[in-house]
Amino acid sequence: MENVGTASDTMEEETKSGSSVTLTTEDGPKEAAAQVEKNSDERPLSEEDKQKLAKMLNERQGNAKIKSEYINYSKVHLRYGLVLSDDQAPRKAETASRPAESRDEPKSKRQKKARGMNQNRPRTRWIPVGEKLCPKVINGQECQYGDECRYLHDLKAAGAKRLPDIGDRCYNFETFGKCHFGVLCRFGSCHLTKDFENVVENEKYEANLNKSTTSNSLSIDLKVKLRKRRGTFERSDKFLAQLSNQKKNPRKQVGDKADVNTGAMKSTTGSNSSSLVPELSNEDGKSSMNIHQHETANQSQVVAAEKETTNQSSEDPGVSLVTPPATANQAVDSIAESNKHSSSGVVTDQDLVKLRKSEKKKLNVEGKSYLAPLTTVGNLPFRRVCKRLGADITCGEMAMSTNLLQGQPSEWALLKRHSSEDVFGVQLAGYFPDTVSRCSELVNTYCDVDFVDLNVGCPIDLVYMKGGGSALMGRTGKLEEIVRGMDAVLDVPVTVKMRAGISDKNYFAHKLIPKVFDWGASVVTLHGRSREQRYTRSADWAYIKECVDAAKPHPVIGNGDILSYEDMTAHLENSGAAGVMIARGALIKPWLFTEIKEQRHWDISANERLDILREYTNYGLEHWGSDTEGLEKTRRFLLEWLSFLHRYIPVGILERLPQKIQERPPFYVGRNDLETLMSSTNCNDWVKISEMLLGPIPDSFLFLPKHKANSYS
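Residues numbered from 1 in each chain as written. Predicted model: local features only at pLDDT ≥ 70, side-chain atom pairs only at ≥ 80, totals over all residues. Heavy atoms only, no water.

With that settled, consider the sheet that holds strand 5 (residues 394-400). One open sheet accounts for eight strands, arranged 4-12-11-10-9-8-7-5; its pairing is parallel. At either margin of the open sheet sits one strand with a lone partner, and together these are strand 4 (369-371) and strand 5. In this sheet, neighbouring strand axes are inclined to one another by 30° on average, regardless of whether the strands run parallel or antiparallel. When strand 5 meets strand 7 (residues 424-429), the two strands line up parallel, connected through five bridges. The partner of Met398 across the bridge, within strand 7, is Gln427. Helix 22 (residues 476-489) rests against strand 8 (451-456) and strand 9 (494-501) of the sheet, and its axis sits at about 170° to strand 8. (Pairing = 2+ DSSP bridges. Helix = DSSP H or I, 4+ residues; strand = E, 2+ residues; numbered from the N terminus. Axes fitted to C-alpha atoms, helices over the stretch in contact; angles between N-to-C directions. Contact = heavy atoms within 4.5 Å.)

Okay, here's the thing in structure tokens:
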């Protein structure tokens, strides 16, 4: 797709010459459109030509219907290269806008959309430790390592090399009374002395110390233990040991699922084979993951319960395996008897009985709006924005189980939770039950979450080809083991997110979802597309309804193509889904959650949208830092978000409400220059917006969106 300009192209010469871009908010659409036509072509289009272009746009499939006075006819003409009048030859600008080699190619090949990821996009330079200033010195403290510290300690030398400030107001200092980045802060003029010492407003700092907190961080001690593989996972080890024994000595399939709440095991039967799933806990109901000690599974409990179950089934093959209360009490007594050697003091019920599934904390999703786990753009600052705008449930970005077990800080950063996220979960992706169950136990022990989600829908090749993501839908044996393992080691509900199927012509989620609930899942989220389909065509909400009916009475959350409160209301009524998950709709229009709460269309102004972006950048500077490294990381994530945000069409410009998520607008001129700039599909215009909030870009700055479909290059 060619690099399409916007009405803001007329300001490029001023920007390149060093002068700032002044955005007016008083110009009407007709005056701005006339100016664009004058710059793009000396001869303006006739009214007859405009009428033909408007008719063509209305007939094009996938085009949003916008009011004719806002259409940029000149840009539309240059884009599609149409002959507008019978006696009018094609203008030179039509063919000059495309390279010669592109004009010689077949039409079908020229119009092929870019797909996949930009693998060669520039990466952030890694800064060696020897070039960084010691954090203790930044905060005015004495470094405990002295000369052995690998960081720099010369505060004045660092101050002499400071880059110029990009603003005179530091968000962190104004909010908390202290900026932890001191001399490195790019807004440091408001909290630095002449000797580059950091100023602290003690009263304000103490009052706002807990105003905005982040949990689920990776501590230094835990990182060292994980990297040295000194951790033991008692619940996971017992589950995996029982799973291994069951594979070695497979039993006949008997009856339905039976739950023996004895603290030792749970006898269950799946679709293919019966399984014994251990239920493990310590005195406080938390995961008994001991980093320093290693204890083997108590096999006597497993064997005793297995013999009891086998005897029951041999006496009466037709009887259900639902354990009566007397039998459960006998089992508890037998386990208490076997554990006498390890018990001291009074033995309570918590010592013997694990939380029943009915006693686990419930996840209420009825009628809720659920912000989807969004890779790259679903970071903590973005979730804070959506939470303020009305999102009910939030979830962290997809994290790989293996990377978490290895103690990678970049992966653990995906699990962080802000204090404003009252209902929060994390999403794990993995390939095998051992890594996923151990990682789940790790999260259960060290993280504050309300649920843990299993990714069974990721379509990217990197995950799919290894057997994870949507590939697990075709590996039902592994999927069963993973879900059962997560349910055995977690004290919070297990949720599963999946697609309708793998191939486009074979949907089978309706057969899989009831089994997933039997294996231990509390909620299932269904995206109404297959892996092959990706985001082509609309989501199949009729199929979601079929899956909801198959899963009753268990809750199913629907996902796909929600961009207005009308979409949510209609899909909930027609499908019977318990709630909705919103993904791209939140990226294009994060105030969608407000519209859902208030049941109205919000004609948000360009200045209000800019305020939301400013709020995001402030949260980013708080989360990633106000130094140069944190500033550029905030800019990069802001630009990734803008690659989706520009697709929004203002309500006042639309001819027909509501906007559909698959619709794209023709080139149009906004109600003011800022609105026009925000609608641009040009990466350079997104960079201009970032400069309005985060100052000028570095000389070597280059941005390419993560996804090729957003590059427009």
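Moving on, we get to the nonpolar core. Core analysis: the biggest nonpolar cluster contains 124 residues, and Met498, Ile513 and Leu613 have the highest contact counts within it. Beyond its immediate sequence surroundings of up to four residues, Leu613 is in contact with Leu638, Trp641, Leu642, Leu645, Met678, Ile689 and Leu693. Counting 16 residues, the second-largest nonpolar core is a separate cluster that includes Met56, Ala64, Val76 and Tyr668. (Core = buried A, V, L, I, M, F, W, Y, C linked by side-chain atoms within 4.5 Å. Buried < 20%, exposed > 50% of the residue type's maximum accessible area, 1.4 Å probe, protein only.)

With that settled, the discussion passes to helix 25 (residues 565-575). Turning to helix 25, its buried residues are Tyr565, Asp567, Met568, His571 and Ser575. Around the axis of helix 25, the buried residues are gathered within 160° of arc, so they sit on the same side. Along helix 25, exposed side chains directed more than 90 degrees from the buried face belong to Glu573 and Asn574. Once helix 25 finishes, Gly576 follows within two positions and takes phi at roughly 80°, a positive value. (Arc of directions from axis to C-beta.)

All right, on to the environment of Glu69 then. Among the structural elements, Glu69 can be located in the loop between helix 3 (47-59) and helix 4 (73-80). It is 8.7 Å that separates the C-alpha atoms of Glu69 and Val669, two residues lying 600 residues apart in sequence.

Turning our attention to the pattern of salt bridges. Within this structure, the stated rule accounts for 30 salt bridges. The shortest N-O distance in the salt bridge between Asp685 and Lys688 comes to 3.4 Å. Here Lys688 and Asp685 lie together in helix 31 (residues 683-694), a separation of three residues that amounts to about one turn. Using a relative accessible area of 11% as the deciding quantity, one classes Lys688 as buried. Here the salt bridges share partners, and the residues they tie into one network are Lys247, Lys478 and Glu481. (Salt bridge = Lys/Arg side-chain N within 4 Å of Asp/Glu carboxyl O.)

Our focus in this paragraph is the pairing of strand 11 (residues 556-559). Remember that side chains alternate between the two faces of the sheet whenever the strand is regular. Of the two faces of strand 11, both are covered, the one formed by Val556 and Gly558 as well as the one formed by Ile557 and Asn559. In terms of strand pairing, strand 10 (residues 523-530) meets strand 11 through four bridges, oriented parallel. What sits directly across from His527, in strand 11, is Asn559. Between strand 10 and its parallel partner strand 11, the chain crosses via helix 24 (residues 541-551), and the hand of that crossover is right-handed. When strand 11 meets strand 12 (residues 579-582), the two strands line up parallel, connected through three bridges. Counterpart to Gly558 in the pairing with strand 12 is Val580. Once you follow strand 11 into helix 25 and on to strand 12, the crossover reads as right-handed. (Right-handed = clockwise from strand over helix to strand, strands pointing away.)

This brings us to the side chain of Thr495. Of note, Thr495 is situated in strand 9. The exposure class of Thr495 is buried, given its relative accessible area of 3%. In this structure the side chain of Thr495 is engaged in a polar contact, spanning 2.6 Å, whose partner is the side chain of Asp453. Not counting residues within four places of it along the chain, the set of residues in contact with Thr495 comprises Leu363, Phe451, Val452, Asp453, Leu454 and Val523. (Polar contact = N/O pair within 3.5 Å; in protein donor to acceptor, adjacent residues only side chain to side chain.)

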